Amino acid sequence: MTRVLACLAIGAWVFLLWPFPITTFMATCMACVTYPAYRKLHRKMSPSWAMTTYTVGLAAITILPIATVVSLVTPQAVAGLKILDGLRDSGWIHSPEAQAWFASVDAWLKNLPGLEGGLDQLASTAAGLAGTAARTVLAGGVGIAGGAFQAVLVLFLFVMITMMCVTRADLIHEFACRLTQWPAEVIDRFVSTIRKAIFGVLVGVVFVALIQGFLCGVGFAIAEVPQPALWGLIAAFVAPIPFVGTALVWLPVCIWLWLTGSTVACIGLAIWCALVVAGVDNLLRPFFLKTGIDASVVTLILSILCGLAAFGPVGVFAGPVLVAVAIQAGNESTLCRKH
């Protein structure tokens with residue numbers, strides 16, 4: 001009887017939150033990571049003050065970064081659009097100098113194995129990668145940028161669902177035990193695995209991507225690229241994409257610097273991004289991911305790729321978390337066989 005009632009309760013919440021799957025998933029992830037902090041507050045103050053302090057802190061760490069990014073990037077985005085319009089109207093790409101440079105690059109590429117199609121083949125490949133990155137970025141931003149009301153609703157739901165999961169963690173734990181008929185220790189091990197996986201993704205993917213975006217922005221500013229904060233933000237968005245990452249941004253910028261005659265800035269920016277920015281990705285990301293998830297680097301990269309393909313931007317979290325859950329389930333089955 002209790003199992004049926006638990007299923008009914010969970011089913012009611014699923015139907016209620018069904019229109020907001022991404023917000024609900026991200027809120028539960030945030031609740032899983034921040035629950036230890038709430039428990040510390042709960043031990044030091046009354047339940048009402050602990051809930052208020054936690055909610056205010058959660059709202060601050062959620063809203064302030066978004067407000068800061070919007071205030072910094074929006075003016076540069078407007079200026080960048082004006083520059084693109086000016087380049088398009090000037091017809092610079094059709095100038096004899098630009099056409100001669102493109103012809104020499106095309107001839108050089110045709111001599112490379114696998115690029116016999118020259119610039120057309122390279123442009124087609126780059127367009128496909130850039131299109132995927134753009135769709136990924138836009139898919140994540142449409143829900144927030146679609147309107148002020150939608151943005152406020154999503155943020156409000158995120159904070160409220162996170163707070164509800166944290167404050168009702170004991171009840172959720174009890175429901176999970178009733179529904180699965182598993183011992184509490186098994187549920188605790190799964191929760192610990194999920195928490196470590198989410199923390200590993202937050203640090204290894206999100207935080208490292210922010211570092212790469214910041215370093216790209218610094219390089220763009222030194223090279224005197226217009227709107228460096230805007231391009232740094234775009235670099236941070238595409239940084240989690242395996243194998244290409246920030247090169248989707250800084251490589252075209254280097255080409256633009258070369259075409260405009262800024263040879264020293266082009267070479268310097270290319271060296272900075274290829275060594276420093278890419279070095280951060282190659283060293284820190286695998287380290288932090290493996291700290292949170294006991295899997296090979298190849299498996300983690302595959303989980304991110306499959307997660308992006310299946311779930312969009314939220315797949316950066318969903319893919320590694322699902323892999324961590326699968327690994328823990330295998331470990332639990334091994335323990336069951338031993339006992």
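Residues numbered from 1 in each chain as written. Predicted model: local features only at pLDDT ≥ 70, side-chain atom pairs only at ≥ 80, totals over all residues. Heavy atoms only, no water.

Draft legend 1. Quick look at the overall build of the protein. What the protein contains, in helices and strands, is 13 helices and zero strands. Each helix (α) and strand (β) of the protein, taken in turn from the N terminus, gives the series α-α-α-α-α-α-α-α-α-α-α-α-α. Sequence-distant contacts in the protein: of pairs separated by 6 or more residues, those separated by 24 or more amount to 67%. Summed over its atoms, the accessible surface of the protein is roughly 19,600 Å², and 74% of this surface lies on carbon and sulfur atoms. (Helix = DSSP H or I, 4+ residues; strand = E, 2+ residues; numbered from the N terminus. Contact = heavy atoms within 4.5 Å. Areas by Shrake-Rupley, 256 points an atom, 1.4 Å probe, with all protein chains shown as cover.)

Draft legend 2. How the structure looks around the packing of helix α2 (residues 21-44) against helix α8 (residues 184-222). Direction vectors running N to C along α2 and α8 enclose 100°, while the axes themselves pass 9 Å from each other. Classed by the angle they form, the pair α2 and α8 counts as roughly perpendicular. Taken together, the residues of α8 that come into contact with α2 (itself represented by Cys29, Cys32, Val33, Tyr35 and Pro36) are Val191, Ile194, Arg195, Ile198, Phe199 and Leu202. Among the residues forming the contact of α2 with α8, the class breakdown is 10 nonpolar, no polar and one charged. (Axes fitted to C-alpha atoms, helices over the stretch in contact; angles between N-to-C directions. Parallel < 35°, antiparallel > 145°, perpendicular 65-115°, else oblique. Nonpolar A, V, L, I, M, F, W, Y, C, P; charged D, E, K, R; others polar.)

Draft legend 3. Highlighting the pattern of salt bridges. Under the counting rule described, the total for this entry stands at three salt bridges. Between Arg189 and Glu332 there is a salt bridge, with the nearest N and O atoms lying 2.7 Å from each other. Of this pair, Arg189 sits in helix α8 while Glu332 is found in helix α13 (residues 315-338), placing the two residues 143 residues apart along the sequence. You can call Glu332 buried: its relative accessible area is 7%. Put simply, Arg285 and Asp281 hold a salt bridge, and the shortest N to O gap is 2.3 Å. Here Arg285 pairs with Asp281, and both are found in helix α11 (residues 263-292), just four residues apart, close to one helical turn. (Salt bridge = Lys/Arg side-chain N within 4 Å of Asp/Glu carboxyl O. Buried < 20%, exposed > 50% of the residue type's maximum accessible area, 1.4 Å probe, protein only.)

Draft legend 4. Representation of the nonpolar core in the model. Judged by nonpolar contacts, the single largest core of 19 residues is most densely connected at Cys216, Phe220, Val225, Trp250, Val253, Leu257 and Leu269. Every element with two or more residues in this core is listed here: α8, α9 (228-238), α10 (247-259) and α11. Setting aside anything within four residues of it in sequence, one finds Leu269 in contact with Gly219, Phe220, Val253, Cys254 and Leu257. Of all hydrophobic cores here, the second largest spans 16 residues; its members include Ala197, Ile198, Val316 and Ala324. (Core = buried A, V, L, I, M, F, W, Y, C linked by side-chain atoms within 4.5 Å.)

Draft legend 5. View of the packing of aromatic side chains. Tallied over the entire structure, the rule returns three aromatic pairs. An angle of 75° between the planes, with centres 5.6 Å apart, marks the rings of Tyr38 and Tyr54 as edge-to-face. Residue Tyr38 is found in helix α2, and its partner Tyr54 is found in helix α3 (residues 47-90); the two are separated by 16 residues along the sequence. The pair Tyr38 / Tyr54 is uniform in exposure class, with both members buried. With a centroid separation of 5.3 Å and an interplanar angle of 70°, the aromatic rings of Phe287 and Phe288 are classed as edge-to-face. (Phe/Tyr/Trp six-rings, centres within 6.5 Å; stacked < 30°, edge-to-face > 60°.)

Draft legend 6. View of the environment of Ala309. Among the structural elements, Ala309 can be located in helix α12 (residues 297-311). Overall, the relative accessible area of 71% leaves Ala309 in the exposed class. For Ala309 and Gly319, which are 10 residues apart along the polypeptide, the C-alpha to C-alpha distance reads 9.7 Å.

Draft legend 7. Summary view of the state of the cysteines. For the structure on display, the rule yields zero disulfides. Cys32 provides the cysteine sulfur closest to Cys29, a residue in no disulfide bond, and the two sulfurs are 7.4 Å apart. Judged by relative accessible area, which is 5%, Cys29 ranks as buried. Note on Cys165: no disulfide assigned, nearest cysteine sulfur contributed by Cys32 at a separation of 9.8 Å. (Disulfide = S-S within 2.5 Å.)

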